[in-house]
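# Topology and contacts: notes
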Amino acid sequence: MNLMAGLPWRLARAARAAASVHLMQLRRASSRRAASPREEGANNGRSATRAGVSVVSRAISRKLAAAQRVPEVLDFVDEFGFVFDSANEAAALWSIARLNAREASRGAHGAWADARALEDDFRLRSLLSCLEARLLADRSSGRDVSHIAGAMAKLGFGANPISSRVWGLLARRAQQRSADLSLRALARTAWAFATAKVGAPELFCALAHAAERRIDPFDAHAFAMIAWAFATARAPAPELFGAIGRAAEPCVGEVGARDLAISAWAFATARMHAPALFCAIARSAERRVDEFNAQGISNLAWAFATSRVAAPALFCKLARAAEERAGEFGTQELANVVWALSLPEDACAHARTVLLLAERALDGRTPEPAGAARRALSREEAHAIANALLIASHCRAETELGARIATQLERARALAPLQATVVSSSAHARLSAALLGAGWAHACEVQLEGGLIVLDMACVRTRVAVEFDGPTHFLRDVASGDDVIDGSTISKSRVLAALGWRVHRVGYRQWAALSSSDETRRFCDELVRTELQSSQGVVG
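Structural notes, computed from the coordinates.

Calculation notes
Residues numbered from 1 in each chain as written. Predicted model: local features only at pLDDT ≥ 70, side-chain atom pairs only at ≥ 80, totals over all residues. Heavy atoms only, no water. Salt bridge = Lys/Arg side-chain N within 4 Å of Asp/Glu carboxyl O. Helix = DSSP H or I, 4+ residues; strand = E, 2+ residues; numbered from the N terminus. Phe/Tyr/Trp six-rings, centres within 6.5 Å; stacked < 30°, edge-to-face > 60°. Buried < 20%, exposed > 50% of the residue type's maximum accessible area, 1.4 Å probe, protein only. Pairing = 2+ DSSP bridges. Core = buried A, V, L, I, M, F, W, Y, C linked by side-chain atoms within 4.5 Å. Contact = heavy atoms within 4.5 Å.

The subject of this paragraph is the pattern of salt bridges. Taken as a whole and judged by the stated rule, the model has 21 salt bridges. For Asp138, the salt bridge goes to Arg173, with nearest N and O atoms at 3.7 Å. Separated by 35 residues along the polypeptide, Asp138 in the loop between helix H6 (122-136) and helix H7 (142-155) and Arg173 in helix H8 (residues 161-177) bring together distant segments of the chain. Ionic pairing is found between Arg184 and Asp219, a salt bridge with its closest N-O pair at 2.9 Å. Of this pair, Arg184 sits in helix H9 (residues 183-195) while Asp219 sits in the loop between helix H10 (201-213) and helix H11 (220-232), and the two are 35 residues apart along the sequence.

Before going further, it helps to spend a moment on the packing of aromatic side chains. Inspection of the entire model under this criterion finds 9 aromatic pairs. Relative to Phe223, the ring of Phe218 has its centre 5.3 Å away and its plane inclined at 5°; by these criteria the two rings are stacked. Through a chain of ring-to-ring contacts, three or more aromatic side chains come together here, namely Phe76, Phe80 and Phe84.

Here the focus is the pairing of strand E3 (residues 453-459). The element E3 is largely enclosed, with a buried count of 6 among its 7 residues. Where strand E2 (residues 443-448) lies against E3, 5 bridges are found, and the strand directions are antiparallel. In the sheet register, Leu448 faces E3, and the bridge partner there is Ile453. Bridge count between E3 and strand E4 (residues 464-469): 3 bridges; the pairing is antiparallel. Of the residues in E4, the one forming a bridge with Ala458 is Ala465. Hairpin connection of E3 to E4: 4 residues between the antiparallel strands, including Arg463 at a positive phi of 55°.

What follows is about the nonpolar core. The biggest cluster of nonpolar side chains holds 149 residues, and the ones touching the most others in it are Phe84, Leu93, Leu170, Phe230 and Phe304. Discounting chain neighbours no more than four positions away, the residues touching Leu170 are Leu135, Val145, Ile148, Ala149, Met152 and Phe193. Core analysis: the next-biggest nonpolar cluster, separate from the first, contains 17 residues, Val464, Val466, Val506 and Phe523 among them.

Cis rather than trans, the peptide bond between Asp216 and Pro217 has omega equal to 5°. Tracing the chain through its elements places Pro217 in the loop between H10 and H11. A positive phi is found at Arg234, a non-glycine position, where the angle reads about 55°. On the secondary structure map, Arg234 appears in the loop between H11 and helix H12 (238-248). Even without being a glycine, Glu445 presents a positive backbone phi close to 55°. With respect to the element layout, Glu445 can be found in strand E2.

All we've got here are geometric facts, nothing functional implied.
Structure representation (structure tokens):
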């Protein structure tokens, strides 16, 4: 279908005329500074032209939005793209993204399942080249930049050189206009760059400052999207997360289930500890667990376990919902829930659910998209399930349930092979050398339980270990800025204690604060004397 044919004939004629006569005049005029009073008469004429072209632009965008198939949009771009303004280019990309996703989900003929093939279409390349030229000339509004970035992320564009250059220009223009973007445009831009995995630290810094200034009134959906984007992009923004946490806490009850789960996941992924917010989320989520889908349940359980926020009532309801609706859970979601249910202090209460969900994951009884091959457990998923079963095995060792747990544990171990090599960090190596010098005999990277647990430094004969906790073992408290040990680290200590090990932890900040060799020596001497020393573990 020719989309221009559907336009009123006067608008179609105006579009072609704008391309040959008025469009360039409009663009030149719009880039000039405000006119003086003596230019008012001339500007009145230009305003009429601008209004005419604006009508054409809106009509073109409406037609693009009404298209039913991707080829219609591509043919329209090919024929009339030379009259597009920035808004039309953004509308064309959004229409292509929307229609291609719809056609792909239906398995329709003509859908581009491969983003690279669509990206290399000559009509798309022409559109991207026009976008590049417009962005170079700085003739796109902040709103259009946001929409273009969102559409390109939805399409998965970025593989070819033109797309890469466009992403770089979008980052520059979005950063320049961040202070003027609406909150939804800020969220869309952050989402786009995180989804496309385009590194833009300066842009994310600008977006964080702009979002903080728009915290009131609080838009839960927009800030859930922003938090997700910053967490996904690994863009540090502690002040932004602190502001979101403070603003979200009083209105958690009004936030949708999906946004609650996304926000909790984002805080935990960004390593931000917000106990007050999480307690409010727990109270709200307890009353409406049925509103969460499988991914939401998985994200909530994982986030609370990682953040070490006790929520026993919520976990009981999440465990029951996961067991009752297990058929809705994918492999990753099952692995996350199984791992999370094994971390609380009352983990033994969830041993049966852990076993049932683990069995389902190990058997491959998970839903898959139509026509897709069944996906095997990844090493990371098998490792998470095996660790959860190891904890559960200490809860029910002497029961029939314990025997079933032991059987599934062996299956999970077989799917989580040992790592060929484990490389110690430089700080870890220095600590090990200093402890050796202080007289504590030990080995590094000691593997236990078939490789499910790796100890940084350990004397196996005396079952004494030292764990060096780097930054990934901690969360940052949004209120105080202090480090808080995460859930998986505490859980590892509990498992080691159950296995008869004595563990001492040395944090990276504690180690870095030792500013001289004398301080380091005194610290290690004291550690060996008070915590590690035994007749079998000290060098004679």
